[in-house]
Amino acid sequence: MEKDTQGTLWEVFVQANPGIPHKHVGSLHASDEEMALQNARDVYTRRKEGISIWVVEAKNIKASSPEDIGSFFEPANDKVYRHPTFYKVPDGVKHL
Amino acid sequence: MKDEKTLLEEFQSKIDKGIKIEPKDWMPEKYRKQLIRMMSQHAHSEIVGMLPEGNWITRAPSLRRKAILLAKVQDEAGHGMYLYSATETLGIDRSELLEQLHTGKAKYSSIFNYPTLTWADIGAIGWLVDGAAIMNQTALAKGSYGPYSRAMVRICKEESFHNRQGYEIMCSLAFGSEEQKQMAQDALNRWWWPAIMMLGPSDDSSPNSDELMRWKVKMESNDAIRERFIDRTVPQADYIGLTIPDPDLMFNKETGHYKHGPINWEEFFNVIKGNGPCNKIRLKARVDADRNGRWVREATEAYAAKKRIVNS
């Protein structure tokens, strides 16, 4: 017998309110993007948790790997001058 | 490449600091296996758990109760979906998980192998079964595996309505006619012990708990969760004038906790082994649903394939 199909894996992102970013909430199975969107609505927003949903086929997401986080994010480690607290502001000077 | 010992130390130190383990992080094989077992068992329980209650949807006593029960059963389906998805992040395929359920290799909660004989059983399930499940799940929400813990947080939030609607049903019956009160008492009599048992074997017969606690796969011992469940539930039964069917149940003033009478573990293990009153029909319902739904899954795939051709 041919292998049963469970559809493909989709990752779901929900925007809870206007003006804030979409946030990853989980994943689900569906045959196509329309079904993925409808399933996402039924699985992840039964209590008005969202006003907008994105679904992305999981295989299309490229993620950084945990083993490499040290070297991958290293360039930011020695650049404290990117933060305002790095700078000395003379006493009495305001609005900087 | 780091050796196994260093990796294990780093893993443990993350857990000790309360940092969640994420799908792509290194983890011991035993941790992965144990989580797959626990999480899939949990997912299967949500799905099989729809059956005893589904039995009463068409016979709910009012439209209000019917709408509530429908929403609750739909939630269980959703919870099953969150949990299957979370389990898949550990590198196991959904069809494999379902295969394990359908062949009896994977278990689900023993409680769903009991029948729902009267409407009061729907009250007792929400009050006791969901009540006990919430105790367990609130603990699991603090667990170390990110996807599982996040699913638990969501599930706990949704389940508090399940618990309340059940108690509300019990209240209506307990404060109703004499027959209704008897019906409520009868449901409590039949569901109390299975609910106590569903929190798992007693600590002295529950093997390899130490490592699971250290890895925060298990957060609390079965007996500790059971004690908290009983402490919270007994006063709720008192309030509606129902009697907990345990003649040995006693409040211990020194510890501030209730002490329950002996549990019939033989019954528990017997139900787990497949000999409960409904094991066979529960499993058959799942296998049939899977088989009968197969053509639908295939049709949606064919439709998706056709659309891809048309659009290309």
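Preceding this section is the structure that the text describes.
These numbers come from a predicted model, not from an experiment.

Asks: Could you clarify how one ought to interpret the overall build of chain B in this entry?
Replies: Helix and strand counts for chain B stand at 12 helices and 2 strands. Reading the helices (α) and strands (β) of chain B from amino to carboxyl end gives α-α-α-α-α-α-α-α-α-α-β-β-α-α. Its C-alpha radius of gyration of 21 Å places chain B within 12% of the 20 Å reference for a compact globule of 312 residues. Counting only C-alpha atoms, chain B reaches 65 × 55 × 35 Å along its principal axes. Looking at chain B as a whole, 53% of its 312 residues qualify as buried. Within chain B, contacts between residues at least 6 apart in sequence are counted, and of these 77% link residues at least 24 apart. Carbon and sulfur atoms provide 57% of the accessible area of chain B, an area that totals close to 15400 Å². For chain B, the distance from the average site of its 44 positive side-chain charges to the average site of its 42 negative ones is 5 Å.

Asks: What am I meant to see in the environment of Lys23(A) here?
Replies: Residue and element names in this part refer to chain A. Assignment of secondary structure puts Lys23 in strand E2 (residues 23-30). Linking Lys23 and Arg46, residues 23 residues apart in sequence, is a C-alpha distance of 16 Å. Beyond its immediate chain neighbours, meaning those up to four positions away, Lys23 contacts Val12, Phe13 and Val14.

Asks: Would you mind going over the nonpolar core with me for this structure?
Replies: Residue and element names in this part refer to chain B. Tyr31, Leu128, Tyr145, Tyr148, Trp191, Trp192 and Phe229 are the most contacted members of the largest nonpolar core, which has 94 residues in total. Ranked by the residues each element gives to this core, the list is headed by helix H6 (residues 119-140), at 13 residues. Residues within four places of Tyr148 in sequence aside, it is in contact with Leu35, Met38, Met39, His42, Leu83, Ala86 and Leu140.

Asks: Please clarify how the sheet that holds strand E3 (residues 52-57) of chain A should be interpreted in this entry.
Replies: In a beta sheet, neighbouring strands pair by backbone hydrogen bonds and run either parallel or antiparallel. Residue and element names in this part refer to chain A. Reading across the sheet, the 3 strands line up as E2-E1-E3 and stay open at both edges, with antiparallel pairing between neighbours. Strands with a single pairing partner mark the edges of an open sheet, and in this sheet they are E2 and E3. The sheet shows a mean angle of 30° between the axes of neighbouring strands, taken without regard to direction. When strand E1 (residues 8-15) meets E2, the two strands line up antiparallel, connected through 7 bridges. Residue pairing in the sheet places Leu9 in a bridge with His29 of E2. Packed onto the sheet, helix H1 (residues 33-44) meets E1, E2 and E3 and runs at close to 120° relative to E2.

Asks: Sorry, what's going on with H6(B) here?
Replies: Three- or four-residue spacings in an α-helix give side chains the same orientation, since the helix completes a turn every 3.6 residues. Taking 1.5 Å of rise per residue, the 22 residues of H6(B) would be expected to cover 32 Å, and the 31 Å separating its terminal C-alpha atoms lies within 8% of that figure. Of all 22 residues that make up H6(B), 20 are buried, and the element is covered over most of its length.

Asks: Would you explain the pattern of salt bridges in this entry?
Replies: Any two side chains of opposite charge can pair, given that their charged atoms come close. Tallied over the full model, the rule gives 29 salt bridges over all chains. A salt bridge links Glu22(B) to Arg150(B); the nearest nitrogen and oxygen atoms lie 2.8 Å apart. In this pair, Glu22(B) sits in the loop between helix H1 (4-16) and helix H2 (29-48) while Arg150(B) sits in helix H7 (residues 146-174), placing the two residues 128 residues apart along the sequence. Lys284(B) is paired through a salt bridge with Asp288(B); the nearest N and O atoms lie 2.7 Å apart. Of this pair, Lys284(B) and Asp288(B) both sit in helix H12 (residues 279-311), 4 residues apart, roughly one helical turn. Classification of Lys284(B) as exposed rests on a relative accessible area of 52%. Salt bridges here are not isolated pairs; linked through shared partners, they connect Arg46(A), Arg47(A), Asp75(B) and Glu158(B).

Asks: Whenever I open this one, a nonpolar patch on the surface confuses me. Can you help?
Replies: Residues and elements named next belong to chain A. Together, Val80, Tyr81, Phe86 and Tyr87 make up an exposed nonpolar region whose accessible area comes to about 420 Å². You can see Val80 is positioned in the segment after helix H2 (69-72). On the basis of relative accessibility, which here comes to 48%, the residue Val80 falls in the partly exposed class.

Asks: I would appreciate a short explanation of helix H11 (residues 265-275) of chain B in the present structure.
Replies: Every buried residue of H11(B) is listed here: Trp265(B), Phe268(B), Val271(B) and Gly274(B). The elements touched by buried residues of H11(B) are helix H8 (178-197), helix H10 (222-239) and H12 of chain B.

Basis of the calculations
Residues numbered from 1 in each chain as written. Chains lettered and ligands numbered in written order. Predicted model: local features only at pLDDT ≥ 70, side-chain atom pairs only at ≥ 80, totals over all residues. Heavy atoms only, no water. Helix = DSSP H or I, 4+ residues; strand = E, 2+ residues; numbered from the N terminus. Rg over C-alpha atoms; globule rule 2.2 N^0.38 Å. Buried < 20%, exposed > 50% of the residue type's maximum accessible area, 1.4 Å probe, protein only. Contact = heavy atoms within 4.5 Å. Areas by Shrake-Rupley, 256 points an atom, 1.4 Å probe, with all protein chains shown as cover. Lys, Arg positive; Asp, Glu negative; His and termini not counted. Charge placed at Lys NZ, Arg CZ, Asp CG, Glu CD. Core = buried A, V, L, I, M, F, W, Y, C linked by side-chain atoms within 4.5 Å. Pairing = 2+ DSSP bridges. Axes fitted to C-alpha atoms, helices over the stretch in contact; angles between N-to-C directions. Expected span 1.5 Å × (residues − 1). Salt bridge = Lys/Arg side-chain N within 4 Å of Asp/Glu carboxyl O. Patch = residues over 30% accessible without salt bridge, like charges linked within 9 Å, V, L, I, M, F, W, Y side chains within 5 Å.

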